[in-house]
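Residue-level structure breakdown
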Amino acid sequence: MVKQKKVKHLITLMTVFLLMNVGWYVLYLIIDHPILPSPIDVYQVILQYDKAEMGLHILYSLTRIFVGMLLALVLGMTIGIIMGRSKIINRLLDPVVYLTYPIPKIALLPVVMLFFGLGEGSKILMIMLILIFQIIISVRDGVKAIPDNTYDVLSTLGAGRFQKFYHITLPGALSVIFSTIRISLGTAISVLFFTEIYGTEYGMGFYIMDAWLRLDYNGMYGGILLFSFLGFVLFLLIDLLDYWLMKWRRD
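Residues numbered from 1 in each chain as written. Predicted model: local features only at pLDDT ≥ 70, side-chain atom pairs only at ≥ 80, totals over all residues. Heavy atoms only, no water.

**So, the overall build of the chain**
- Of regular secondary structure, the chain possesses 10 helices and 0 strands.
- Mapped in sequence order, the helices and strands of the chain form the string α-α-α-α-α-α-α-α-α-α.
- For the chain, the C-alpha atoms occupy an extent of roughly 70 × 55 × 30 Å along the three principal directions.
- Partitioning the intrachain contacts of the chain with sequence separation of at least 6 by distance along the chain shows that 73% fall at a separation of at least 24.
- A total of about 15,300 Å² of accessible surface is found on the chain, and carbon and sulfur atoms cover 72% of it. (Helix = DSSP H or I, 4+ residues; strand = E, 2+ residues; numbered from the N terminus. Contact = heavy atoms within 4.5 Å. Areas by Shrake-Rupley, 256 points an atom, 1.4 Å probe, with all protein chains shown as cover.)

Structure representation (structure tokens):
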């Protein structure tokens, strides 16, 4: 049953991908202008990319996303769990979170660059800012939703604090954190694109903008496709982590 669902899901993805390319080709024929090249030409350009150079662009973008997500997860989960388990800490930090969460993080990009420069630090910090508040709120709410009698059951069995955390609190936090990451990852990748325009020579955002400025539309669309594929791979990795860590949710 599980294998059949995977096959159906794969077929669906391939069908949608094919239909998107057909729609792209139809638009190419209708517009008939260099600003929208044929998908065939773009895929040919991708195959002709310098593997070493493109590998560096992808590596830099992946590193920035990974470090930013890791920092957001560590800090966000820690703060969220503490807020979920401590009413006093929750009362203290709750106003701070709710006042800062609605601020559009992309608007902070000039401020972050002023304080932290145009280097790697500002790029990673922006990704972290996009993710951390959603993680804090989701983890806190997930932990608070765990019934107190769930902990009582383990207490009667002689479980310690770490065992309660490992068997109850952590799964409760993980159950919401993967959904939060999926929702916010797209925004984080968009922010990465903007941050890579400045103060760098490597990254998919830099490559796409550089191709656009050189009027290399085939290269620009190729970069967009690779950037999109990068996001797709990250989504798949999150799904795999969800499947591996959340065993009780498997069909």
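**Description of the packing of aromatic side chains**
- Considering all chains together, one arrives at 7 aromatic pairs under this definition.
- Ring centres 5.2 Å apart and planes at 20° place the aromatic pair Tyr 60 and Tyr 202 in the stacked group. Separated by 142 residues along the polypeptide, Tyr 60 in helix H3 (residues 51–85) and Tyr 202 in the loop between helix H8 (161–195) and helix H9 (204–213) bring together distant segments of the chain.
- Of the residues examined, Tyr 60 reaches a relative accessible area of 32% and is grouped as partly exposed.
- Since its relative accessible area comes to 28%, Tyr 202 is described here as partly exposed. (Phe/Tyr/Trp six-rings, centres within 6.5 Å; stacked < 30°, edge-to-face > 60°. Buried < 20%, exposed > 50% of the residue type's maximum accessible area, 1.4 Å probe, protein only.)

**Description of the pattern of salt bridges**
- Applying the stated criterion across every chain yields a total of 7 salt bridges.
- We note a salt bridge from Arg 140 to Asp 141, for which the minimum N-O separation is 2.8 Å.
- Note that Asp 216 and Arg 214 form a salt bridge whose closest N and O atoms lie 3.8 Å from each other.
- In this structure Asp 216 comes out as partly exposed when scored by relative accessible area, which is 25%.
- Residues joined in a network through salt bridges with shared partners are Arg 64, Glu 120 and Glu 196. (Salt bridge = Lys/Arg side-chain N within 4 Å of Asp/Glu carboxyl O.)

**Digging into a nonpolar patch on the surface**
- A cluster of nonpolar side chains, contributed by Leu 13, Phe 229, Phe 232, Val 233, Leu 236, Leu 237 and Leu 240, occupies part of the molecular surface with about 610 Å² of accessible area.
- Residue contributions to the nonpolar patch peak at 6 residues, all from helix H10 (residues 217–245).
- Structurally, Leu 236 is set in helix H10. (Patch = residues over 30% accessible without salt bridge, like charges linked within 9 Å, V, L, I, M, F, W, Y side chains within 5 Å.)

**Structural notes on unusual backbone geometry**
- Backbone geometry places Asp 32, a non-glycine residue, at a positive phi of 50°.
- Look at Leu 215: it is not a glycine, yet its phi comes out positive at around 60°.
- Take Leu 215: it is sitting in the loop between H9 and H10.

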